[in-house]
Amino acid sequence: MEELRRAIRTPGAILMGLGSIIGTGIFVSIAIATQVAGNGIILSVVLAAVLATLNGLSSAQLAAAHPVSGGTYEYGYRFINSWFGFTAGWMFMVAKSASAATAVLGCIGYLYYATGINSSEWMIASGGLLLLFLMALLVSGGIQRSNSANKWIVSITLAGLAALVVAAFFVNGLPVSPITNTFSVSGWDSVLFGSALMFVAYTGYGRIATLGEEVAEPAKTIPRAIIMAMILIVIIYLAVTLTALQALGADGFGETVEGEAAPLMIVAQSLSLPVIGPVLTITAITAMLGVLLNLFLGLSRVLLGMARRGDVPGFISRINPVTQSPVVAVWVTCIIIGLLVLSGDVVFTWSFSAFTVLIYYSITNLTALFLPEELRLYPRIIPVLGLFGCLFLAFWIDPTILLLGAGVIGVGLVWHWVIK
């Protein structure tokens, strides 16, 4: 079997995780979750962070024990059976392809908004397909080129978000009222639904595990990178959420989902500072590019793993001998995302991603329970709590989305039964 080059070390792996997380999550999903949870959004962010941390630890020990491309798809096959492995891979491909399409449309929409172009649906779709083509060229060039591009993208994104938080502090002061309003939440239904939506915004750390075959010293690098990425992202999410609530209030921030601009751009505009608006526009664009880049990497590697096992056509597993990149998997991924780019609703897409990702990480935690004791890094209670939390939150998703997700799982299992 052709193998990929192990070129990612701890700093690069942390930035890969951050690049996967900071994008659609922070620029869109916080506002979507606020629309549902209201003042309880801070609780939603914290609860989702706790669950994501449990899942992150489960992913870390699985990746350290079995460091190959494919993530939970491979772990399910290795430690449980083909049905759980295939379902994990199927859920990942469905959820993250939709997320990637959302990132493409979001990035192009922000570009048009920033340049004052009145775009039609046809123009957004055309621009999105062009962006996809360019990203496929970048990713097909190998992991080192992708890793270098990701470092620049994440650095610019973090600098822009820091500028927003600092500017808001000088204009509005400390975000005391959002914290006190958190404790006036009347019911937990909306908070739990908001947590399910926010959970998706954390799950980019799994990209570190998905790229396990390209990580140097995976037993040390992967757990360390996942834990550090989670710590940093919780701090960033809380700081940005408090900033947005202090500027617009929970109701006002939730309503930004319906506007033409990105929610955080509206927050920046409310500060009435001449520089922060353009800075955040650039930040939004780079963040979406970072998410798209890392989703491209993750999707193509899971597709590579599925091709190696015969769950999809075997020719997709071919690796370019020069760049050591799974070029065919990259371009097939490009086509899949491109089909989804042609139409999409960000709220529906995000809700659907929430359900499918929760199922994916339910399988991750279940698989971690099957790890032999000699390969276990953390106590069994961690995957037990992670499994319970994922299944619990999954049933707080809108029933329509839940039924659609169950149908998609059924279609995948029928396909697996037929090909086996």
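Rules used in this analysis
- Residues numbered from 1 in each chain as written.
- Predicted model: local features only at pLDDT ≥ 70, side-chain atom pairs only at ≥ 80, totals over all residues.
- Heavy atoms only, no water.
- UniProt positions renumbered as here; feature names shortened; annotations may be inferred.
- Helix = DSSP H or I, 4+ residues; strand = E, 2+ residues; numbered from the N terminus.
- Rg over C-alpha atoms; globule rule 2.2 N^0.38 Å.
- Buried < 20%, exposed > 50% of the residue type's maximum accessible area, 1.4 Å probe, protein only.
- Contact = heavy atoms within 4.5 Å.
- Areas by Shrake-Rupley, 256 points an atom, 1.4 Å probe, with all protein chains shown as cover.
- Lys, Arg positive; Asp, Glu negative; His and termini not counted.
- Charge placed at Lys NZ, Arg CZ, Asp CG, Glu CD.
- Axes fitted to C-alpha atoms, helices over the stretch in contact; angles between N-to-C directions.
- Parallel < 35°, antiparallel > 145°, perpendicular 65-115°, else oblique.
- Left-handed = near helix turned anticlockwise from the far one by under 90°.
- Salt bridge = Lys/Arg side-chain N within 4 Å of Asp/Glu carboxyl O.
- Expected span 1.5 Å × (residues − 1).
- Patch = residues over 30% accessible without salt bridge, like charges linked within 9 Å, V, L, I, M, F, W, Y side chains within 5 Å.
- Arc of directions from axis to C-beta.
- Phe/Tyr/Trp six-rings, centres within 6.5 Å; stacked < 30°, edge-to-face > 60°.
- Core = buried A, V, L, I, M, F, W, Y, C linked by side-chain atoms within 4.5 Å.

The name that an unreviewed UniProt entry assigns to the protein chain is Amino acid permease, with the source organism given as Rhodohalobacter mucosus. Its UniProt record gives the protein chain a comment under Subcellular location (unreviewed entry), which states: "Membrane".

A.B. asks: Tell me about the overall build of the protein chain, residues and numbers included.
C.D. replies: A tally of helices and strands in the protein chain yields 17 helices and 0 strands. For the protein chain, the C-alpha radius of gyration of 20 Å lies close to 22 Å, the compact-globule estimate for 420 residues. For the protein chain, buried positions account for 59% of its 420 residues. Looking at the protein chain alone, contacts between residues at least 24 apart form 85% of all its contacts between residues at least 6 apart. Surface summary for the protein chain: the accessible area is close to 16,000 Å², and the carbon and sulfur share equals 69%. Separation between the mean location of the 17 positive side-chain charges and that of the 17 negative ones in the protein chain comes to 16 Å.

A.B. asks: Would you mind going over the packing of helix H6 (residues 121-139) against helix H14 (residues 327-341) in detail, with residue names and values included?
C.D. replies: Viewed as axis vectors pointing N to C, H6 and H14 meet at an angle of 165 degrees, and their least axial separation amounts to 10 Å. By the angle class used here, H6 and H14 are roughly antiparallel. Between H6 and H14 lies a crossing of right-handed hand. For the pair H6 and H14, the contacting residues are Ala125, Gly128, Leu129, Leu132, Phe133, Ala136, Leu137 and Val139 in the first and Val330, Trp331, Cys334, Ile337, Gly338 and Val341 in the second.

A.B. asks: Please give an account of the pattern of salt bridges that cites residues and values.
C.D. replies: Pairing is possible between side chains of opposite charge, provided their charged atoms come close. Counted by the stated rule, this structure contains 3 salt bridges. With a closest N to O distance of 3.6 Å, Arg376 and Glu373 form a salt bridge. Residue class for Arg376 comes out buried when judged on its relative accessible area of 13%. Of the charged contacts, one joins Glu373 and Arg380 as a salt bridge, the two residues approaching to 3.1 Å between their closest N and O atoms. Bridged by salt links that share partners, the residues Glu373, Arg376 and Arg380 form one connected network.

A.B. asks: For unusual backbone geometry, give the residues involved together with the corresponding values.
C.D. replies: One non-glycine residue, Ser272, lies in positive phi territory at about 55 degrees. Assignment of secondary structure puts Ser272 in the loop between helix H12 (263-270) and helix H13 (276-309). A relative accessible area of 63% places Ser272 in the exposed class.

A.B. asks: Outline H14, supporting the account with residue identities and numerical values.
C.D. replies: Note that an α-helix has 3.6 residues per turn; residues three or four places apart therefore point the same way. Between its first and last C-alpha, H14 extends 21 Å over 15 residues, near the 21 Å set by a 1.5 Å rise per residue. Looking at H14, one finds that the buried residues are Ala329, Val330, Thr333, Cys334, Ile337, Gly338 and Val341. Buried residues in H14 make contact with helix H5 (82-115), H6 and H13.

A.B. asks: Which residues make up a nonpolar patch on the surface, and what values go with them?
C.D. replies: A contiguous nonpolar patch, built from Trp83, Phe84, Val414, Trp415, Trp417, Val418 and Ile419 and spanning about 730 Å² of accessible area, is present on the exposed surface. Those elements that provide at least two residues to the nonpolar patch are H5 and helix H17 (399-419). Ranked by residue count, the leading element in the nonpolar patch is H17, at 5 residues. Among the residues examined, Trp83 registers a relative accessible area of 37% and is labelled partly exposed.

A.B. asks: Can you explain H17? Please cite residues and give values.
C.D. replies: The end-to-end C-alpha separation of H17 is 31 Å, in line with the 30 Å expected for 21 residues at 1.5 Å each. Of the residues making up H17, those classed as buried are Ile401, Leu402, Gly405, Val408, Ile409, Gly412 and His416. Each buried residue of H17 lies within a common arc of 125 degrees when the element is viewed along its axis, so the set occupies one face. Those residues of H17 that are exposed and angled more than 90 degrees off the buried face are Pro399, Thr400, Leu403, Val411, Trp417 and Val418.

A.B. asks: Tell me what's going on with the packing of aromatic side chains, and back it up with residues and numbers.
C.D. replies: Within the structure shown, the criterion is met by 9 aromatic pairs. With 5.2 Å between their ring centres and 70 degrees between their planes, Tyr73 and Tyr77 make a pair best called edge-to-face. Highlighted residues: Tyr73 and Tyr77, both in helix H4 (residues 72-79), separated by 4 residues, approximately one helical turn. Tyr77 matches Tyr73 in its accessibility class, with the two residues each being buried. Ring geometry for Phe388 against Phe392: centres 5.8 Å apart, planes inclined by 15 degrees, an arrangement best described as stacked. Of the two residues, Phe388 and Phe392 both sit in helix H16 (residues 381-394), 4 residues apart, roughly one turn of that helix. A residue is classified by how much of its surface remains accessible, and Phe388, at 56% relative accessible area, is exposed. Relative accessible area serves as the criterion here: at 37%, Phe392 is assigned to the partly exposed category. An aromatic cluster is built from Phe92, Phe199, Tyr360 and Tyr361, whose rings are joined through pairwise contacts.

A.B. asks: Explain the nonpolar core to me, using residue names and the numbers behind them.
C.D. replies: Counting 134 residues, the largest nonpolar core has Ile26, Phe27, Met198, Tyr202 and Leu264 as its most contacted members. A per-element tally of this core places H13 first, with 17 residues.

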